[in-house]
Amino acid sequence: QVTLKESGPVLVKPTETLTLTCTVSGFSLSNARMGVSWIRQPPGKALEWLAHIFSNDEKSYSTSLKSRLTISKDTSKSQVVLTMTNMDPVDTATYYCARYVVVTAILDYWGQGTLVTVSS
Amino acid sequence: DIVMTQTPLSSPVTLGQPASISCRSSQSLVHSDGNTYLSWLQQRPGQPPRLLIYKISNRFSGVPDRFSGSGAGTDFTLKISRVEAEDVGVYYCMQATQFPHSFTFGPGTKVDIK
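Residues numbered from 1 in each chain as written. Chains lettered and ligands numbered in written order. Predicted model: local features only at pLDDT ≥ 70, side-chain atom pairs only at ≥ 80, totals over all residues. Heavy atoms only, no water.

**Thoughts on the nonpolar core**
For soluble globular proteins, the rule of thumb is that nonpolar side chains tend to be buried together. For the record, the criterion: In this text, buried Ala, Val, Leu, Ile, Met, Phe, Trp, Tyr and Cys residues form a nonpolar core when linked through side-chain atoms within 4.5 Å. Note on classification: 1.4 Å probe, protein chains only; a residue is buried when its accessible area is under 20% of the maximum for its type, exposed when over 50%, partly exposed between these limits. Whether two residues are in contact is decided by their heavy atoms, any of which lying within 4.5 Å being enough.
In this structure, V36(A), W38(A), L50(A), Y95(A), L38(B) and W40(B) are the most contacted members of the largest nonpolar core, which totals 54 residues. The contacts of L38(B), once residues within four sequence positions are left out, are M4(B), C23(B), L29(B), I53(B), Y54(B), K55(B), I56(B), F76(B), C93(B) and M94(B).

So, in structure tokens, the structure goes:
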């Protein structure tokens, strides 16, 4: 059974750095046919893709947020970590991680998401 | 980056009646490998997105056959043959043709019951 679970702070202050962890089960982060993406959704708004990491540690970032994002993984812990620097109230959103299947180019399993509020 | 648009943005429907959502991309979604990586996702209220359709018309595991996808190039459609109460939510199209450069989602179409 494939599951993904996001964890991290509920509240961060403006200018702080956000660190989120996605813990996966049911598949390995070393599986060459898989990867993990982070996507966010501001309250009442649409989905926005943020970053992706492949099994070979290749990374990809949203063009608009690239300077603020870092994605990494710890295969032994089955965890993918996303950091976002210089947080602003407009970054308030539910942050999701999702599994990517290379062959079909789909995000097939999603975590429940974690709501992060940016406020002083 | 490819821009995805959807119409309508809101679709009140009668239970048992069909519903249709259109999605258009700013450039062709045909990949150099010949595939078109256009997916549809459903997000029920308070839930994470759920994959419905991939590569234009393939239903994901467990998706009811009242959901179908069609289209080509830059124009795509999601159809629900007979809307049920559990279909209420927001539907997003998503392109992965440009991946790993980017995934792009449409703005979403809200489907609710009249």
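Still more to cover.
**Quick notes on the packing of aromatic side chains**
Formally: Between the rings of Phe, Tyr and Trp (Trp by its six-membered ring), a pair exists once the centres lie within 6.5 Å; its type follows the angle of the planes, with under 30 degrees stacked, over 60 edge-to-face, and the other angles tilted. In this text, helices come from DSSP runs of H or I with a minimum length of four residues, and strands from runs of E with a minimum of two, each type numbered from the N-terminal end. Over a ring means this: the NZ of a Lys or the CZ of an Arg is within 6 Å of the ring centre and within 35 degrees of the ring normal.
Across all of its chains, the model carries 10 aromatic pairs over all chains by this definition. An angle of 90° between the planes, with centres 6.4 Å apart, marks the rings of F54(A) and Y100(A) as edge-to-face. Linking F54(A) in strand β5 (residues 48-54) with Y100(A) in strand β9 (residues 93-101), this pair joins segments that are 46 residues apart in sequence. The burial state of F54(A) is the same as that of Y100(A); both residues are buried. An angle of 15° between the planes, with centres 4.2 Å apart, marks the rings of F99(B) and F103(B) as stacked. Considered together, F99(B) and F103(B) belong to a single accessibility category, that of buried residues. One aromatic cluster in this structure is built from W49(A), F54(A), Y100(A), F99(B) and F103(B). Positioned above the aromatic ring of F27(A), the side-chain terminus of R99(A) is 5.1 Å from the ring centre.

**Notes on the pattern of salt bridges**
Note the cut-off: Salt bridges are counted wherever a side-chain nitrogen of Lys or Arg sits within 4 Å of a carboxyl oxygen of Asp or Glu.
Here the structure, examined in full by the defined rule, presents nine salt bridges over all chains. Between D75(B) and R24(B) there is a salt bridge; the shortest N-O distance is 2.5 Å. Here R24(B) lies in strand β3 (residues 19-25) and D75(B) lies in strand β8 (residues 75-80), a separation of 51 residues in the sequence. Residue D75(B) is classed as partly exposed on the basis of its relative accessible area, which comes to 34%. A salt bridge links E84(B) to R66(B), with the shortest nitrogen-to-oxygen separation between them at 3.5 Å. Of this pair, E84(B) sits in the loop between β8 and β9 (89-95) while R66(B) is found in the loop between β6 (58-59) and β7 (67-72), placing the two residues 18 residues apart along the sequence. Overall, E84(B) belongs to the partly exposed group, its relative accessible area being 37%. Beyond isolated ion pairs, a larger network of salt bridges with shared partners links R40(A), E48(A), R68(A) and D91(A).

**Some details on the sheet that holds strand β7 (residues 69-74) of chain A**
Residues and elements named next belong to chain A. Going by this rule: Criterion used throughout: strands pair if DSSP finds at least two bridges between them. In this analysis, axes come from line fits to C-alpha atoms, helices being fitted only over the stretch in contact, and the angle between any two N-to-C directions falls in the range 0 to 180 degrees.
Read across the open sheet, the four strands follow the order β1-β3-β8-β7; overall the sheet is antiparallel. With one partner strand each, in any of the chains shown, β1 (3-7) and β7 form the two edges of the open sheet. Averaged over all neighbouring strand pairs, the angle between strand axes comes to 20°, with direction disregarded. Judged from the five bridges that link them, β1 and strand β3 (residues 18-25) form a sheet pairing that is antiparallel. Within the sheet, the bridge partner assigned to E6 lies in β3 and is C22.

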